[in-house]
Amino acid sequence: MPYLAVTCDAEGKELTKTFEVEVAVGVDEHSAQEYRRLKRLVITGYQFAEEDIPYYSPDYLKQYGYWANNPSLMYRDYGPKIFLEIGEGDKVTVPTARNTPLAGYSNEWNFIGMDYDNRKITAVAFPVTVSDDRNTLTIKEYDASTNMSFGVYRPAVMVKQTQIWNVAVTDIVMTRK
């Protein structure tokens, strides 16, 4: 599905990209079973930088000693990937966690919530709206002002949780091709 993202890098330079992502039950049989258990779908192909970031599947990573000897890390580090989590009442969110990288095969890129104005990062579950025809998914901001005394958290990509790679300045909209 094509995806238009408007983000800004650490210097505030606006980036606009259109690229294709895939929403799937998993990337192989093992991940499909695990994601089904967690009530998740995986989105692969998320491009978050000016230059394209290569996608490496678990199958590709297992060719190398580090991942061949540690299969669980192969599933942690493949990507780039983000998840859609289906909750009660079919509520859809994009969960983030500091220990679940967007991709970890080179740098450790984390998809995380960032209150850019206050320079705060935290794990949040971004709300997702699904259109009635199920052809459009929109990842929204997370408003933390009522329960965390901060402002609005936007989807952000950090390198090793210390360097801002980019921060979404709009909703992330994915439309089925």
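Shown above is the structure to which this text applies.
Residues numbered from 1 in each chain as written. Predicted model: local features only at pLDDT ≥ 70, side-chain atom pairs only at ≥ 80, totals over all residues. Heavy atoms only, no water.

Caption draft 1: Layout of helix α1 (residues 29-37). Three or more residues of α1 are buried, namely S31, A32 and Y35. Along the long axis of α1, the arc covered by the buried residues comes to 105°, so they all point the same way. Across from the buried face of α1, at angles greater than 90 degrees, the exposed residues are E29, R36 and R37. Residues of α1 that are buried in the fold lie against β4 (40-44), α4 (71-77) and β5 (81-86). N-capping of α1 is provided by D28, with a side-chain oxygen placed 3.3 Å from the backbone N of H30. One or two positions beyond α1, positive phi appears at K39, with a value near 60°. (Buried < 20%, exposed > 50% of the residue type's maximum accessible area, 1.4 Å probe, protein only. Helix = DSSP H or I, 4+ residues; strand = E, 2+ residues; numbered from the N terminus. Arc of directions from axis to C-beta. Contact = heavy atoms within 4.5 Å. Polar contact = N/O pair within 3.5 Å; in protein donor to acceptor, adjacent residues only side chain to side chain.)

Caption draft 2: Looking closely at the environment of T93. Note on placement: T93 falls in strand β6 (residues 92-95). You can call T93 buried: its relative accessible area is 11%. Sequence spacing of T93 and V128 is 35 residues, and the spatial spacing of their C-alpha atoms is 5.1 Å. Residues within four places of T93 in sequence aside, it is in contact with F83, L84, E85, A125, F126, P127 and V128.

Caption draft 3: A look at the pattern of salt bridges. Using the criterion set out here, one finds 7 salt bridges in the structure. Where R37 meets E34, a salt bridge forms, and the shortest distance between an N and an O atom there is 2.6 Å. In this pair, R37 and E34 both sit in helix α1, 3 residues apart, roughly one turn of the helix. Taking relative accessible area as the criterion, R37 reaches 57% and is therefore assigned exposed. (Salt bridge = Lys/Arg side-chain N within 4 Å of Asp/Glu carboxyl O.)

Caption draft 4: Fine view of the nonpolar core. Among the nonpolar cores identified, the biggest contains 37 residues, and Y46, L102, W109, F111 and I139 are the most heavily contacted of them. Setting aside anything within four residues of it in sequence, one finds I139 in contact with I82, V94, F126, P127, V128, P155, D171, I172 and M174. Counting 6 residues, the second largest nonpolar core, distinct from the first, contains M114, M158, I164 and V167. (Core = buried A, V, L, I, M, F, W, Y, C linked by side-chain atoms within 4.5 Å.)

Caption draft 5: Quick look at the packing of aromatic side chains. Counted under the stated rule, the structure contains 9 aromatic pairs. Here the aromatic rings of Y56 and Y105 are separated by 4.5 Å at their centres, their planes lie at 80°, and the arrangement is edge-to-face. Of this pair, Y56 sits in the loop between β4 and α2 (58-61) while Y105 sits in the loop between β6 and β7 (109-115), placing them 49 residues apart in sequence. Directly above the ring of F83 sits R40, whose terminal nitrogen or CZ lies 4.9 Å from the centroid. The positively charged end of K81 is found above the aromatic ring belonging to Y78, 4.7 Å away from the centroid. (Phe/Tyr/Trp six-rings, centres within 6.5 Å; stacked < 30°, edge-to-face > 60°. Lys NZ or Arg CZ within 6 Å of the ring centre and 35° of its normal.)

So far we have only geometry, and geometry alone does not tell us how the molecule works.
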